[in-house]
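Each chain, written out:
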Amino acid sequence: MANIDIVTQEDLHHGHDDHDDHHGDKYQSGFFSRYVFSMDHKTIAKQFLITGIIWALIGAAMSLVFRLQLGFPEESMAWLKPILGKWIVVDAEGIGTLDQDFYYALVTMHGTILVFFVLTAGLSGTFSNLLIPLQIGARDMASPMLNMFSYWFFFLAGVVMFASLFLSTGPFAGGWTAYPPLSAVQTAMSGSGAGMTLWTVSLVLFVVSVLLGGMNYITTVINMRTKGMTMWRLPLTVWAFMVTAILGLLSFPVLASAFFLMIFDRSFGTSFYLSEIYINNAPLENVGGSPILYQHLFWFLGHPEVYIIIVPAFGIVSEVLSVHSRKPIFGYKAMVLSILAIAFLAFIVWAHHMFMSGINPFIANIFVVFTLIIAVPSAVKVFNWIATLYGGNIRFNSASLFSIGFVSMFISGGLTGIFLGNSAIDIQLHDTYFVVAHFHIVMGVAAFFGMFAGIYHWFPRMYGRFMNETLGRLHFWGTLVGAYAIFWPMHYLGMAGVPRRYYSFASFDAFNQFAGMNQFITIAAFVVFGLQVVFVINFFYSIFKGKVQKEMNPWGANTLEWTAPVNAGHGNWSGAIPHVHRWSYDYAKDGIEFIPQTVPLKEGEKDMGEH
Amino acid sequence: MGSLVIILSLILLGIVLVQIGKVNELSSAIRGEEETEYRGNTSHALYGLLFVAGFMVFVFASFFYYKNSMLGYGPLQAASAHGGDIDWIFDVTMYITLIVFVITHLALFWFAYKYRGRKGHKAQFIPHDNRLEIIWMVIPSIVMAFLVVGGLIVWNKVMADIPVGAVPNKDFIEIEANGQQFGWNLRYPGNDGLLGGNYFKEISASNPFGQLWDDKKNHDDFHPSKIVLPVGMKVRVRITSRDVLHNFYLPFQRVKMDAVPGMPTHFVFTPTITTVDFRKRLGEVDKKGNPLYPEWHTPADPSDPENKLKRYEAFNYELACAELCGNGHFSMQKIVEIVTPEEYQTWLGTQNSFYEANVKGKEKTLQLGDRETKNTKDLTITIRETNISEIN
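What counts, and where the lines are drawn
- Counting starts from 1 at the beginning of each chain's written sequence and moves along it residue by residue.
- Following the order in which they are written, the chains are lettered starting with A and the ligands numbered starting with 1.
- Two thresholds apply to this predicted model, a pLDDT of at least 70 for residue-level local features and 80 or more for giving and counting side-chain atom pairs, whereas whole-chain, interface and lining totals are computed over all residues.
- Each helix corresponds to a stretch of at least 4 residues labelled H or I by DSSP, and each strand to a stretch of at least 2 residues labelled E; elements are numbered beginning at the N terminus.
- Between the first and last residue of a helix there are one fewer steps than residues, each counted as 1.5 Å, and that sum is the expected span.
- We define the bend at any residue as the angle between the axes fitted to the seven residues before and including it, ending there, and the seven starting there.
- Here a residue counts as buried when 20 or more other C-beta atoms sit within 10 Å of its C-beta, as exposed when there are 12 or fewer, and as partly exposed otherwise, the C-beta atoms being derived from the backbone.
- The contact criterion used here is simple: two residues whose C-beta atoms, placed from the backbone, lie within 7 Å are in contact.
- Polar here means any residue other than Ala, Val, Leu, Ile, Met, Phe, Trp, Tyr, Cys and Pro, which are nonpolar, and Asp, Glu, Lys and Arg, which are charged; Gly is therefore polar.
- Domain limits in this description derive from either an automatic procedure or a database domain assignment.
- The criterion for strand pairing is that DSSP finds at least two bridges linking the strands in question.
- Axes here refer to lines fitted to C-alpha atoms; in helices the fit is confined to the stretch in contact. Angles between the N-to-C directions go from 0 to 180 degrees.
- Relative orientations are named as follows: roughly parallel for angles under 35 degrees, roughly antiparallel for angles over 145 degrees, roughly perpendicular for angles from 65 to 115 degrees, and oblique for any other angle.
- Helix crossings fall into two classes, left-handed where the near helix is turned counterclockwise from the far one by less than a right angle and right-handed where it is turned clockwise.

Let us now look at helix α5 (residues 100-136) of chain A. All names here are of chain A. The end-to-end C-alpha distance of α5 is 51 Å, a good match for the 54 Å that 37 residues give at a rise of 1.5 Å each. The largest bend along α5 reaches roughly 35 degrees and is located at Leu114. Most of α5 sits inside the fold, with 36 of its 37 residues counted as buried. Backbone geometry just after α5 places Gly137 at a positive phi near 80 degrees.

This is the structure in structure tokens:
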């Protein structure tokens, strides 16, 4: 990849004569240290991204299989037997049905993979790594070595999880939240044995990866900003990545502790989560534990986790919308403060996932109040994004389209959160398809849209080439319409009371009346998956054959990443590190289209970042 | 062979797509990049307007299409005393969010269209506007405060337990629903109105609740195969689980609560519409005899032409599980029948005490028989045996 860049883009290679120590340093000499065990944050970002793309394809393909079961329960799945093997049971007439245990395994793996491997590692891992050093004017992360470990722990977590797919008892199948006793009692379900063991090991490794990455991001932002880069001059992307890292650093250890107690319960006979259980015709010895304890620990991570997923998208969308509207982001400080407010509130709302779990109803009152307060900073963000478009001169390309699509998704999914956060309404909606619709739109599709916006926008920064615009726009419109076609009808299913995680609705008259809608959703899911394949083809094709980036700053952006040469080696800037004189949003100021951060203030000019 | 064809056609599709992309890039090179960009801005801004118009039509049309199938709408008013309050706060939230949804979406795509990049146009420098920002912070705060207060009033009303001093079987009925993989065990308290004590280690095939037979309150408890409740009477459901988490879920009564092993939970509600009345409501016709809710007049079982029942006639309240509990999670169905108080009394008369029918006089052999498979025979059993013989 990069060697192609060097040949074709020699002319862009600024400062060729004054190679300094950081450029092409000894850590990048061989193939392995350059592409595999690289410590260059730009390479690590690409590793996170490509690993994330692969996991996204696996996770999405799983959803297609269980959507087939839900949309076309009568159809034979025998044709999937070559891939799924014994999990498709073919009867004497040649009709293949999906094994129930495997249905739940697919649902569980889809959730785990998408939440952790794709939208946490793939999104925050990619863009924090790529953009933090480049946008703050640093040569690399504070600790490139830990950064490398962060990726390889993620990789290892992925290997363990992937291996669990091939267990004879199947991967873990008790839902991505892994509530005990279903997950803690090894015989409660076929996936709760070895599958759950590997699931836990994988996620503990994943926590290590997140913590190593997060420490690095925070340290880098705090300590390694270039001269003049005050906190109030940081682009919103960097603010978002730093806050995300803080959220992860404070909440993931709690998840790890929940898993350690789980491991004790599973393997060493403790009773943290277990009490008075009679299963498989025999009582267990465990008494005194509480399954609710696990739920508290899990959601203490689980709720911040959804912000770990969506906050980087906030940052990316703010930056992309501003650059392509050719306008400053509206209300920069309000945007920063709202991210901080959301991040703070993220830690005191976790029990809104547990209104119906048997917690004291009085406690729910407090969580309702804090949960619905989140709507206020979220509303501020939405209004500010819309106001950023107002009065702009908007370039419509794949990146800005996905940002606009993000705002639409965030509104649609955010508003349904107001229903679910209100405990009284949650009595009706808890664990129905309404919840599925809500979180898929607001943190699934919206986060993906933020990720796509970022990929289309910074692709030239990663590979020195552009992605194909025609395919990108096709990808956008198809995905926007298709994603709504999948998830919007699910609101109605939920409002009709249909519970989630049902293999079949045939046992219930009330839930079995939506066959047509379920077929529609399944077909839409296949179409949307096809469009993502278009994206993946576009991505890999453009790495090698995309339109070559001719100017160093193709979007006319102010931030520092566009001041580094296209094929920058380890160390980013071949000469001295640029200094910063203003905030990153001087677009259309004084009639000038854009003023990069490196341009000194004119006499008497006020810097918006300081006032 | 089949998969080879699929793979080949996928590869071909990929090549076609890449070629389409290339052609467009070439044409833009011919026309001039700037020219192409401005054209693209206008057409995609227009697509945005088309999208938002289509989206709004889709949202409202689909809502009206499914109206009669959604809880709280059409004929599906709540069948419990508290359910109406939940439907009310749902409705209020719905109208408020719908207004915000429409306004923000129109603004988003309209501004995107209006301020699309055009030749000779320039963006304006508008970094912030404190007054505007305060306005759109204060308004959501007020609306949210209203929703929080409304919601919490409903919540605390719904979640209130039976008042102290209420008399069982007179002021309320207490029943137990016990979840297991994969079904519900039901227990009614009998004439004394009190559920007897139980212990999980006593559970066996012949004692599904692990009832302690030395507790006399257990002697009149009975285990029906479906939930039958009188209309207008307060019910306290004691929700328990013997193995993993389950959830006691009555969609039409707006009742939902987890069943947690080792920690009984409860839900108090008052059924307000009998099954028979609910069927009548679903099958209602207007003055001309046309069904008000045509989707409920379709055949109940389309696969069976002999079955002439319509959906509204075959309707039953159902109990479902709403917390993932294993591979049979989707099958934990029980019929719930809401009847008149008279019918309830008649039904009670047909139910026999589980103890009288299955346990009395057989305690020793039963318990020994059940425990054959177990290695340990703990001390409590012997003690209980003596107790029971004393009682008898």
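Bringing unusual backbone geometry into the picture now. In this chain, A:Pro180 is followed by A:Pro181 through a cis amide linkage whose omega measures 0 degrees. Residue placement: A:Pro181 occurs in the loop between α6 (144-164) and α7 (194-223). The omega torsion of the bond from B:Gln181 to B:Phe182 falls at -5 degrees, within 30 degrees of zero and hence cis. Structurally, B:Phe182 is set in the loop between β1 (172-180) and β2 (183-187). Positive phi values are uncommon outside glycine, yet A:Asn280 reaches one of about 50 degrees. Structurally, A:Asn280 can be placed in the loop between β3 (278-279) and β4 (282-283). A residue is classified by how many C-beta atoms lie within 10 Å of it, and A:Asn280, with 11 of them, is exposed.

Chain A puts 102 residues into the contact, and the matching count from chain B is 94 residues. Here the side of chain A that touches chain B is composed, by residue class, of 66 nonpolar, 25 polar and 11 charged.

All names here are of chain B. You can read the domains of chain B as domain 1 (19-118) and domain 2 (172-391). Each of domain 1 and domain 2 has a C-alpha centre, and the two are 45 Å apart. Tallied by class, the residues present in the side of domain 1 that touches domain 2 amount to six nonpolar, six polar and no charged.

Attention now moves to the sheet that holds strand β5 (residues 246-250) of chain B. Residue and element names in this part refer to chain B. Spatially, β3-β9-β8-β5-β6 is the arrangement adopted by the five strands of the open sheet, whose pairing is mixed. At either margin of the open sheet sits one strand with a lone partner, and together these are β3 (227-230) and β6 (255-259). Put simply, the sheet's adjacent strands are angled 20 degrees from each other on average, direction ignored. When β5 meets β6, the two strands line up antiparallel, connected through five bridges. Counted as the bridge partner of Phe248 is Met257 from β6. Packing of helix α7 (residues 341-350) onto the sheet brings it into contact with β3 and β9 (334-339), and relative to β3 it is tilted by some 135 degrees.

A word on the sheet that holds strand β4 (residues 234-241) of chain B. Residue and element names in this part refer to chain B. In space, the four strands of this open sheet follow the order β2-β1-β4-β7, with mixed pairing throughout. Among the strands making up the open sheet, the edge pair consists of β2 and β7 (265-269). On average, each strand axis in the sheet is inclined to that of its neighbour by 25 degrees, with strand direction left out of account.

With that settled, the discussion passes to the pairing of strand β8 (residues 317-321) of chain B. Residue and element names in this part refer to chain B. The element β8 is extensively covered by neighbouring structure, given that five of its five residues are classed as buried. With burial as the criterion, each face of β8 is covered, one bearing Tyr317, Leu319 and Cys321 and the other bearing Glu318 and Ala320. Relative to β8, β5 is paired through two bridges, and the arrangement is antiparallel. Residue pairing in the sheet places Tyr249 in a bridge with Ala320 of β8.

Another point: the packing of helix α8 (residues 236-267) of chain A against helix α9 (residues 291-325) of chain A. Describing two packed helices takes the angle between their axes plus the distance from one axis to the other. All names here are of chain A. The geometry of α8 relative to α9 is characterised by a closest axis approach of 8 Å and an angle of 160 degrees between their N-to-C directions. The angle between α8 and α9 falls in the class roughly antiparallel. Helix-helix and strand crossings are classified by hand; for α8 and α9 the assignment is left-handed.

Tracing the chain through its elements places A:Lys589 in the segment after β6 (547-548). When the C-alpha atoms of A:Lys589 and A:Tyr103 are compared, they prove to be 56 Å apart, with 486 residues separating the residues in sequence.

All names here are of chain B. Mapping Val255 onto the fold places it in strand β6. Taking the number of C-beta atoms within 10 Å as the measure of exposure, Val255 has 26 and is therefore buried. Expressed as a C-alpha distance, the spacing of Val255 and Val268, which sit 13 residues apart in the sequence, is 8.6 Å. With residues near it in sequence (within four places) discarded, Val255 still touches Ser80, Phe248, Tyr249, Leu250, Phe267 and Phe269.

The next thing to look at is the pairing of β4(B). All names here are of chain B. In this structure, β1 lies alongside β4, joined through eight bridges in parallel fashion. Looking at β4, one finds that Glu174 is bridged to Arg236. In the sheet, β4 pairs with β7 via five bridges, with the strands oriented antiparallel. Across the sheet, Arg236 pairs through a bridge with Val268, a residue of β7.

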